[in-house]
Amino acid sequence: MTATEARAAERKPAQIVDMSWDPITRIVGNLGIYTKIDFANREVVECHSTSSLFRGYSVFMRGKDPRDAGFITSRICGICGDNHTTCSNYAQQMAYGVKPPMLADTIVNLGEAAEYIFDHTIFQDNLVFVDFCEAMVKSTNPSVLARAERTEARNGNIHGYRTVADIMRAFNPFEGEVYKEALKVSRVTREMFCLMEGRHVHPSTLYPGGVGTMPEPTTFTDYLSRLVHVLDFVKKAVAMNDDVFDFFYEALPGYEEVGRRRILLGCWGAFQNPDVCDYRYETMSEWGRAMYVSPGVVVDGKLVTNDLVDINLGIRVLLGSSYYDDWTNEEPFVTHDPLGNPVDMRHPWNQTTVPMPQKRDFDGNYSWVMSPRWYDRNSAEHLALDTGGGPLARLWSTALNGLVDTPYVKATGHSVQISLPKSEKLPEMTLEWKIPKWSNTIERDRARPYFVAYAAAMAFYFLERAMGFVRAGETKVFENYEVPDEAIGCGFHEAVRGVLSHHLVIKDKKIANYHPYPPTPWNGSPRDSYGTPGPYEDAVQGQPIFEENGPDDFKGVDIMRTVRSFDPCLPCGVHMYLGKGNTLTKLHSPTYGAAHA
Amino acid sequence: MTVESGTTEVSQHPDGAEPRRGFDEVHILWISEGMSCDGDTISMTAAGQPGIEDVVLGLVPGLPKVNLHNKVLSPAMGGEDFLAPFRAAARGELEPFILVIEGSIPNQNIIEGDGYWTSFGNDPDTGDPLTLNWWIDHLAPRAWAVVAAGTCATYGGIHAMAGNPTGSMGLADYLGWDFRSQGALPIVNVPGCPIQPENFMETLTWVLHHAAGSAPPPPLDHMLRPQWLFGRTVHEGCDRAAYYEQADFGRDYNSPKCQVKVGCWGPVVNCNVPKRGWMSGVGGCPNVGGICIGCTMPGFPDAFMPFMDEPAGGTFSTVLIRPYGAVIRRLRGITNMAVNREPKWRHDKAALTSGYDPYWRPTGAAKRERERAR
Ligand code: SF4
Ligand code: SF4
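What you see is a predicted model, and the numbers here were worked out from it, not measured in a lab.

### Considerations on the confidence of the model for chain B
Residues and elements named next belong to chain B. Of the residues in chain B, 91% have a pLDDT of 70 or more, and the chain-wide mean is 89. Here residues 8-17 is a poorly scored stretch, pLDDT under 50, and it has three contacts once near neighbours within four places are set aside; other chains count. Overall fold confidence for the complex sits at a pTM of 0.91, while the interface term, ipTM, reaches 0.89.

### Looking at the packing of aromatic side chains
To describe a pair of aromatic rings, you give the distance between the ring centres and the angle between the ring planes. Enumeration over the complete set of coordinates arrives at 50 aromatic pairs over all chains. Seen from their ring centres, F362 of chain A and Y366 of chain A are 5.3 Å apart, and the 50 degrees between their planes marks the pair as tilted. A relative accessible area of 8% places F362 of chain A in the buried class. A network of ring pairs unites the aromatic residues F71, Y96, Y207, F478 and Y481 of chain A together with Y253, F300 and F307 of chain B as a single cluster.

### Here we look at the UniProt feature "domain: NADH:ubiquinone oxidoreductase-like 20kDa subunit" (unreviewed entry) in chain B
In the numbering used here, UniProt assigns the "domain: NADH:ubiquinone oxidoreductase-like 20kDa subunit" (unreviewed entry) feature to residues 37-205 of chain B. The span residues 37-205 of chain B is 29% helical and 16% strand by assignment, and the distance between its end C-alpha atoms comes to 24 Å.

### Structural notes on the nonpolar core
Ranked by size, the top nonpolar core spans 259 residues in total, and within it Y223 of chain A together with F200 of chain B carry the most contacts. With 20 residues, the top contributor of residues to this core is helix α14 (residues 441-471) of chain A. Contacts of Y223 of chain A, omitting those with residues within four sequence positions, involve L110, A113, A114, M192, L195, M196, A459 and L463 of chain A. Formed by 31 residues, the second largest nonpolar core is a distinct cluster that contains F86, A89, L130 and L132 of chain B.

### Regarding the sheet that holds strand β7 (residues 296-299) of chain A
All names here are of chain A. Taken together, the three strands give an open sheet; going across it, the order is β6-β7-β8, and neighbouring strands pair in antiparallel fashion. Of all strands in the sheet, those with a lone pairing partner are β6 (264-267) and β8 (302-305), marking the two edges. On average, adjacent strands in this sheet sit at an angle of 25 degrees to one another, irrespective of strand direction. Where β6 lies against β7, four bridges are found, and the strand directions are antiparallel. The residue bridging L265 from the neighbouring strand is V298, located in β7. Taken strand by strand, helix α13 (residues 391-401) contacts β6, β7 and β8, and its axis lies near 85 degrees from that of β6.

### Here's the deal with the environment of C285 of chain B
Along the chain, the position of C285 of chain B falls in the loop between α10 (273-276) and α11 (314-339). Taking the relative accessible area as the measure of exposure, C285 of chain B reaches 12% and is therefore buried. Once residues within four sequence positions are removed from consideration, C285 of chain B is found in contact with R199 and S204 of chain A together with V273, G290 and I291 of chain B.

### Details of the site of ligand 2
Taken together, the neighbourhood of ligand 2 is formed by R199 of chain A together with V234, V269, C271, V273, C285, C292, I293, G294, C295 and T296 of chain B. What surrounds ligand 2 is not a single chain but chains A and B. When each cavity is represented as a set of grid points, ligand 2 is found to reside in the largest cavity.

What counts as what
- Residues numbered from 1 in each chain as written.
- Chains lettered and ligands numbered in written order.
- Predicted model: local features only at pLDDT ≥ 70, side-chain atom pairs only at ≥ 80, totals over all residues.
- Heavy atoms only, no water.
- pLDDT = per-residue confidence, 0-100.
- Contact = heavy atoms within 4.5 Å.
- Phe/Tyr/Trp six-rings, centres within 6.5 Å; stacked < 30°, edge-to-face > 60°.
- Buried < 20%, exposed > 50% of the residue type's maximum accessible area, 1.4 Å probe, protein only.
- UniProt positions renumbered as here; feature names shortened; annotations may be inferred.
- Helix = DSSP H or I, 4+ residues; strand = E, 2+ residues; numbered from the N terminus.
- Core = buried A, V, L, I, M, F, W, Y, C linked by side-chain atoms within 4.5 Å.
- Pairing = 2+ DSSP bridges.
- Axes fitted to C-alpha atoms, helices over the stretch in contact; angles between N-to-C directions.
- Near = heavy atom within 4 Å.
- 1 Å grid on protein atoms, 1.4 Å probe; cavity = no way out; pocket = protein on both sides within 12 Å on 5 of 7 lines; lining within 4 Å.
- Sits in = over half its atoms within 2 Å of the grid points.

Written out as structure tokens, the structure reads:
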């Protein structure tokens, strides 16, 4: 079992209450969290996560023209559809043997940078932070709010709020200043995205082989002018988040245990380096390391690998507590990778989705999300990696790798330094994200605004490169190719909330097999065949409860903060299947006061 | 003496406000638990014309007070707290409300046994999941208006494509095309994969104005789309259309020319995106280098696949237009060269040759003078 070490404490006789939240709000998609809470000892003793939607992408992709894959898989997710298109195009480029022009890769990088800034902003400020806003804290921890009123905000000189409570007020939904400002910023950054990729959510200008975006100087001026105008907000967001999170550690000693898991992080890398990347499998280890967000598997604080070939071969899809039939008796699609390494039958290249609808049973099968795991050859363990909601794993892996070295972002081996130029109100700033002590709820949330800064800083670098190409007259953005009769491909990318891979098998110029593995199956998976809980379950299970309300008016804010810290996004988790089932007997379904209903 | 000036608060004015014939307050019950990616909710938050917060905070004049119940934007923690207004509405205890459905509607009838394709909360008595279909069956008949957001909800979309295992369809296929809401409105379809943000907010605002009694119902076409948004084709608003007219076609995606040969379906697709842009006039499809894949259309996606090939029919029409386009392009080229030349009176020699006449009058002395001189 993975797990968080049990906290030694004097235990009182348990007073256990079943509690469930279904559907979970402020996330994209359908997710239910079912827990058992021991109110005497104020901790969660059991957690199951489940979801309720089947759409069947890996089923209806079969037999289609492989070039359509990016257009279709975009529709897996309504918030990061472009990450899917991008990843699909990476996989297709490998299969077709085509390297897009360098400017095309740079335009994709600019689009993806805008996407990260947009998505993390709207998620953190308009969805996650509602759990930390004044109205919420008042109804769950009034004493903490009282303390926040008396606590000076350390970074007030940057963000302009005097007390921590003032920041919390600014986060009140629809009314707070920051909440409203974040909606505006999320629009401007989406305009930046549209300049590169045409439309948001489902981009219109991305193709396997390159982009259709017209690379004129105006395209980049329009992007640059918007980027410059969101920088003040970005700098303030980092300062504000730090103030609130540091305050929580101080106000509620022990809060570091909330959502804490063993450090088991995966990052598949983002932002291709067009000088190095040729999309060939044979050279993947090399161009993977050249990415501007470094891939890596981090276990207990150590970098286990940063090699995309290792990462690829280690992926295993376990069925465990999900509603599927096994496929291991079928013929494999792919026995060896292009380097001659054997490919496991449980690898996505060989997967066949065989849905088996059945009753929901938390002691048996209870989810349509399968359990992807990463097989660590050294320890022979199937690791339930999580993505830290995306940014935590990205920053952690990049920091440890120490490979990224640009004028704007530098990885040091123990931290990531991010330099943002002067903006309207604030001077030039270098922010430093240092590897934290824990992989927990607060650090997952804290990493997010830092990654917004990271993406903004890298966007300046990509802009310089793009303008360099355009000024040199290198304006080609698309390379032609033939779809081969038979081929395989894989794409590795970071969806906003974490690891994303697409695996593709072509036979007779048609899709024979296609399996996307987005972050949510990794994070939201149920117990696997070895009984190991998925990361949401593992992070919630055993976590202490700090909310002041008792079982009768319990809201579950600490639990919801943990679940939301992973940036749950279920449409991608359940692109497979979801069937029948029923709930455990439920004593109480918590509610949040009607003040903001 | 009285002077009518300064500010008078109308609410304090004895005979100021006229009684309104519509609602003062309305709920929006938004269910995205169809087969969907939730992309329409996200897209809606991109609209600034008007923004969702403008509507919720009452900044748009003439609208009723709006209580929005949308899972993504809800301040609620989740579970029963969030479900409360939906449950109340299903019991008939919450009205008036506008029901917004996002996502395709799966066919429950093809499932044997008690399985389900998608659910929204649990049955409080049995603990079993409540299907999307159950909610539609209970809410649609009580709704003052029903709005379908996005191509999945309007016509089935991606999740209803060939080979799908769920038998998915659009809301009108499910409720019947002649469905009428409590407010006597047909389903209001806003297609788009996803919805163009402003198209959706504008339509919703119209429906809300209608609810307030300050506007007629929105005009819809035979596919229940707002006429003013979907009445023209992509091609008719595309800034590459002149290339088409001149039979000047891009051969791959590097070209700023018409993309019909590389997969654009614009000539036959009802959509205003190239004209309106994607948000605040920025972005779009063919105008910025994306082929139109027909994502607003009832035939989407099957009728348009494989997306990157020339549309059937494209060959014929582009052959037809070729001779005309070639001639027109050549003639325009000649004229274009002409209008690219500066008139010859601009020079630095000693004579003024611009035609300047200080006393020009149509019937004045200068004219007579000039005529005499001839
Ligand atoms: S690009 Fe498409 S919409 Fe534009 S003119 Fe050509 S065919 Fe018409
Ligand atoms: S132009 Fe075509 S692809 Fe673009 S939004 Fe309209 S219908 Fe969809």
